[in-house]
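The primary structure of each chain is shown beneath.
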There are 2 protein chains.
Amino acid sequence: MDENGGSGTDDRPSDEWLFDVFSRRCPSRGTLEHVTGRWGSLTLGALHEGSLRFNALRRRVDGVSEKMLSQTLHALERDGLVHREAQPTNPPRVDYELTPLGQQVAEQLLGLIHLVEGRMAEVMVARDRYDEAHAVREG
Amino acid sequence: MDENGGSGTDDRPSDEWLFDVFSRRCPSRGTLEHVTGRWGSLTLGALHEGSLRFNALRRRVDGVSEKMLSQTLHALERDGLVHREAQPTNPPRVDYELTPLGQQVAEQLLGLIHLVEGRMAEVMVARDRYDEAHAVREG
DNA sequence: CAGCATCCTAAACGATACTG
DNA sequence: CAGTATCGTTTAGGATGCTG
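Residues numbered from 1 in each chain as written. Chains lettered and ligands numbered in written order. Predicted model: local features only at pLDDT ≥ 70, side-chain atom pairs only at ≥ 80, totals over all residues. Heavy atoms only, no water.

An unreviewed UniProt entry annotates chain A as Helix-turn-helix domain-containing protein of Streptomyces laculatispora.

**Observations concerning the nonpolar core**
Formally: In plain words, nonpolar cores are sets of buried Ala, Val, Leu, Ile, Met, Phe, Trp, Tyr and Cys residues tied together by side-chain atoms within 4.5 Å. Burial classes: relative accessible area under 20% of the type maximum marks a residue as buried, over 50% as exposed, and values in between as partly exposed (1.4 Å probe, protein chains only). Any two residues whose heavy atoms approach within 4.5 Å are treated as being in contact.
By size, the foremost hydrophobic cluster in this structure holds 62 residues, and its most contacted members are L44 and V105 of chain A together with L44 and V105 of chain B. Leave out the neighbours within four places in its chain, and L44 of chain A touches V35, L76, L81, V82, L98, V105, A106 and L109 of chain A.

**Quick word on unusual backbone geometry**
Selection rule: Comment: elements are numbered from the N terminus, with helices defined as DSSP H or I runs of at least four residues and strands as E runs of at least two.
For the bond from N90 of chain A to P91 of chain A, the omega torsion is 0°, close enough to zero to count as cis. Here P91 of chain A shows up in the loop between strand 2 (82-87) and strand 3 (93-98).

**Brief notes about the confidence of the model for chain A**
Low pLDDT means the predicted coordinates in that region are not meant to be read closely. All names here are of chain A. Quick reminder of the rule: Note on scores: pLDDT gives the predictor's confidence for each residue, bounded by 0 and 100.
Residue-level pLDDT values for chain A average 84, and 83% of them are 70 or greater. Of all secondary-structure elements in chain A, the lowest mean pLDDT belongs to helix 1 (residues 27-36), at 90, while strand 3 reaches the highest, 98. Contacts from residues 1-18, a stretch scored under 50 in pLDDT, to residues over four places away or in other chains number 16 contacts.

**Structural notes on the protein's contact with DNA strand C**
The criterion, for reference: Being near a molecule or strand, for a residue, means having at least one of its heavy atoms within 4 Å of it. The term polar contact refers here to a pair of N or O atoms within 3.5 Å; inside protein, the definition further demands a hydrogen-donor-capable atom paired with an acceptor-capable atom, and it admits residues adjacent in sequence only when both atoms are side-chain atoms.
For DNA strand C, the set of nearby residues contains 19 residues, the closest of which are K67 of chain A together with E66, S70, R84 and Y96 of chain B. Near the protein, meaning within 4 Å, the atoms of DNA strand C are sugar or phosphate in a fraction of 57%, with bases accounting for the rest. Contacts to DNA strand C include R53 of chain B, whose side-chain N or O atom sits 2.6 Å from a phosphate oxygen. Taking S70 of chain B, its side chain carries an N or O atom lying 2.5 Å from a phosphate oxygen of DNA strand C. Within the residue set of the surface near DNA strand C, elements represented by two or more residues are helix 2 (38-47) and helix 4 (66-78) of chain A together with helix 3 (54-60), helix 4 (66-78) and strand 3 (93-98) of chain B. Of all the elements, helix 4 of chain B adds the most residues to the surface near DNA strand C, at 4 residues.

**With respect to the protein's contact with DNA strand D**
Convention followed: Put simply, Ala, Val, Leu, Ile, Met, Phe, Trp, Tyr, Cys and Pro go in the nonpolar bin, Asp, Glu, Lys and Arg in the charged bin, and everything else, Gly too, in the polar bin.
Around DNA strand D, 21 residues are found, and the nearest of them are R53, S70, R84 and Y96 of chain A together with K67 of chain B. Take Y96 of chain A: an N or O atom from its side chain is 2.6 Å from a phosphate oxygen of DNA strand D. Among the elements that make up the surface near DNA strand D, the one with the highest residue count is helix 4 of chain A (4 residues). Grouping the amino acids of the surface near DNA strand D by side-chain chemistry returns 8 nonpolar, 5 polar and 8 charged.

**Here we look at the interface of chain B and chain A**
What counts, and what does not: Note on definitions: buried area is the accessible-area loss of two parts on being combined, 1.4 Å probe, summed for both. In what follows, salt bridge is the name for a side-chain nitrogen of Lys or Arg lying within 4 Å of a carboxyl oxygen of Asp or Glu.
Chain B puts 53 residues into the contact, and the matching count from chain A is 54 residues. Taken together, the two surfaces of chain B and chain A that pack against each other cover about 5,300 Å², and 61% of this comes from carbon and sulfur. On the chain B side of the interface with chain A, the three residues burying the most area are F22, D62 and R78 of chain B, jointly 15% of the side's total. Where chain B packs against chain A, one counts 6 salt bridges.

**Some thoughts on helix 6 (residues 120-134) of chain B**
The periodicity of an α-helix, 3.6 residues per turn, causes residues three or four places apart in sequence to face the same way. Formally: In a helix, the anticipated span is given by 1.5 Å times the number of residues less one. Of all possible arcs, the one meant is that of the directions from the helix axis to the C-beta atoms.
For helix 6 of chain B, which comprises 15 residues, the first-to-last C-alpha distance of 21 Å matches the rise-based estimate of 21 Å (1.5 Å per residue) to within 8%. Where helix 6 of chain B is concerned, the buried positions are M120, V123, A126, R127 and Y130 of chain B. Buried residues of helix 6 of chain B, seen end-on, are gathered within an arc of 115° and therefore sit on one face of the element. What points out from helix 6 of chain B, more than 90 degrees from its buried face, is the exposed set A121, V125, D128, R129 and E132 of chain B. Lining the buried residues of helix 6 of chain B we find helix 1, helix 4 and helix 5 (100-118) of chain A together with helix 5 (100-118) of chain B.

Below you can see the structure in the form of structure tokens.
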């Protein structure tokens, strides 16, 4: 089923998963999902411009709910990609900014985003072609 | 639904933004999600090494179900990132391979994957620190 | 082998209400 | 402002059975 290194044991944790994202037990897969996830990628992208406060970030990442932003931020902070700077003032002020690692990840991500955005015309054409070919032709 | 082609009613400075994946109405967001999604990214990564048949791909992308692989493959094919080559033999043989655009996207993606993988040690440390700081301590 | 259709559960998500 | 807690909905995902 899920052998990934030649070890015969497939249902107990092994320490062979070290560097294989393709394995479901690779820890980097989790981080990768935080990074590439729907809100993770947009949040990193938004913070790449500079630090932002919670509600500013919420406005920047169009469509994200309070809950999801909070959740995303926690995951990214835990992974060491985002730094949370809270001032104990009243009203409270919390700034989020990328860590150096977060910057690098964001840049890599932005490269991908740019590539996809720049090629959307091709994608659209491909979609039309696909839909055309898969259209239910009857009668 | 409406579209954001004119961007006339935006209340934020848009000069700095040549593209806007941050808008929920941007069509590239959908493609981006196919690409970065849980199975999309792993599928593209797997196919980057060369073309694969359905079940080989299924074994390569550890943990993916038949259904999800099929679904992922359709989305990527529709977006013009994956090419499906079916031979009408018996038993049937279907090979999946990346299109040129798919190759470029996969390379960008692999860059991200490698970056994250190569820095997992830092991530782990950050996680420990985070968990430490957020642990419920009593006494 | 390479899939599609169906059912069902688990997880993600969004809206709302509430706290410091 | 900056969140947390809770709830109802929606979607993703897995298991199974069937087809060419």
